Amino acid sequence: MDCQEKLEVPVYTDVDRETFLRDIYPLTSGSEARAPGAQCARVDGELSRAEGGRPRGQSARVPRAQDGLSAQELCVQDESYYLRSLGEDVRKEPADLRKQFPELAEDFDIPQFFEPEQFFSSVFRISSPGLQLWTHYDVMDNLLAQVTGRKRVVLYSPKDALYLYLTGDKSEVLDIDTTDLQRYPEFVKASRYECILEPGDLLFIPALWFHNTLALQFGVGVNVFWRHLPPESYDKKDPYGNKDPVAASRALQSLERTLGILEELPPDYQDFYARCMVLRIQNRAYLRQTTEASQGNLHTT
Ligand SMILES: O=C(O)CCC(=O)C(=O)O
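Residues numbered from 1 in each chain as written. Predicted model: local features only at pLDDT ≥ 70, side-chain atom pairs only at ≥ 80, totals over all residues. Heavy atoms only, no water.

For the rest of this paragraph, the subject is the site of the ligand. Near the ligand the following residues occur: Y82, R125, L133, H136, D138, N142, L144, K151, H211, T213, N223 and F225. Within the side chain of D138, a nitrogen or oxygen atom sits 2.9 Å from an oxygen atom of the ligand. Within the side chain of N223, a nitrogen or oxygen atom sits 2.8 Å from an oxygen atom of the ligand. Coverage of the ligand by the protein chains reaches 98% of its 290 Å² of free accessible surface. In this structure the site holding the ligand corresponds to the second largest pocket. Residue assignment for the shell around the ligand shows that the elements contributing at least two residues are β6 (132-136), β7 (141-148), β13 (210-215) and β14 (219-226). (Near = heavy atom within 4 Å. Polar contact = N/O pair within 3.5 Å; in protein donor to acceptor, adjacent residues only side chain to side chain. Areas by Shrake-Rupley, 256 points an atom, 1.4 Å probe, with all protein chains shown as cover. 1 Å grid on protein atoms, 1.4 Å probe; cavity = no way out; pocket = protein on both sides within 12 Å on 5 of 7 lines; lining within 4 Å. Sits in = over half its atoms within 2 Å of the grid points. Helix = DSSP H or I, 4+ residues; strand = E, 2+ residues; numbered from the N terminus.)

Structure (structure tokens):
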């Protein structure tokens, strides 16, 4: 996507908890200075062990992964694989590496950047080369650890949500590299953060930041989600950590009702009052955009 502004993901090395909280993580909730960050981290793991692990209670299985095949043999041409681990009760329980893959969990050193009670889930992921995950956001902070293989990650600021043609938590723009701009003309206005994760890298994906992943090689990774809002803000029936906070869902439902009421008016009145409402929403609810950072465009290195 040549027309989009391109931004580097800031890279940090030897990050400890203090550095993470001071330099990478916003110190206050709702801070305008959020940006994703990649860093080298203490991530350990080998593909052979990942394949040999005995998943308990997995509903997403890769059958050939259990036959001791190599990564190359596992990935037959024209077939794509994606494993995303789930909890024991897939509808209620978030994934936890320590419960579903206890042997692998011993090898994986989860960085203690957050308080233990903020922990939500740790998700084991395997992807075949070329596998691309559509652009979406999650509602929790997320550390994505690349254990083996290389992965490209493209990120967009929540402030660019208007340009991403959203349906729920996903962008309708599936091809983010050679996008059909006749169909999605606003997409060029989104600023594109891009980085390549190498084995051992850890990417901090703040809540609400859009991300799109492309496995450049067969890859194994783990990501860990943390809650940073008060616990009651989150939907209790959300094992994936991607349901909107309770108040956001209520606001969206109420907007649907409001739009239904507007339909009682003739089209030109609907248009006028919809514009007035947009203005009121902007004035009341947008963060003030006083600095470049507030637009989500950080150039920190
Ligand atoms: O690593 C991937 O393939 C997807 C990661 C992802 O979507 C996430 O961490 O939320």
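More follows now that the structure is in view.
Under the counting rule described, the total for this entry stands at 12 salt bridges. A salt bridge links R98 to D96; its shortest N-O distance comes to 3.1 Å. A residue is classified by how much of its surface remains accessible, and R98, at 48% relative accessible area, is partly exposed. Here D96 falls in the buried class, since its relative accessible area comes to 9%. In this structure, R150 engages E198 in a salt bridge whose closest nitrogen and oxygen atoms are separated by 3.1 Å. Taken together, the residues R150 in the loop between β7 and β8 (151-156) and E198 in the loop between β11 (192-197) and β12 (201-205) connect sequence positions 48 residues apart. Here R150 falls in the partly exposed class, since its relative accessible area comes to 30%. On the basis of relative accessible area, E198 is assigned to the partly exposed category, the value being 31%. Three or more residues joined by partner-sharing salt bridges are found here, namely R152, D177, R192 and E194. (Salt bridge = Lys/Arg side-chain N within 4 Å of Asp/Glu carboxyl O. Buried < 20%, exposed > 50% of the residue type's maximum accessible area, 1.4 Å probe, protein only.)

As a further point, take the nonpolar core. F20, F114, F124 and L143 are the most contacted members of the largest nonpolar core, which totals 27 residues. Going through the elements one at a time, α1 (17-24), α5 (102-107), β5 (119-127), β7, β12 and β14 are the ones with two or more residues in this core. Sorting elements by how many residues they give to this core places β14 first, with four residues. (Core = buried A, V, L, I, M, F, W, Y, C linked by side-chain atoms within 4.5 Å.)

Residues L265, Y269, F272 and Y273 make up a contiguous nonpolar surface patch of about 400 Å² in total accessible area. Inspection of the secondary structure assignment puts L265 in the loop between α6 (246-262) and α7 (267-285). The class of L265 is partly exposed, set by a relative accessible area of 32%. (Patch = residues over 30% accessible without salt bridge, like charges linked within 9 Å, V, L, I, M, F, W, Y side chains within 5 Å.)

Keep in mind these values describe shape, not function.
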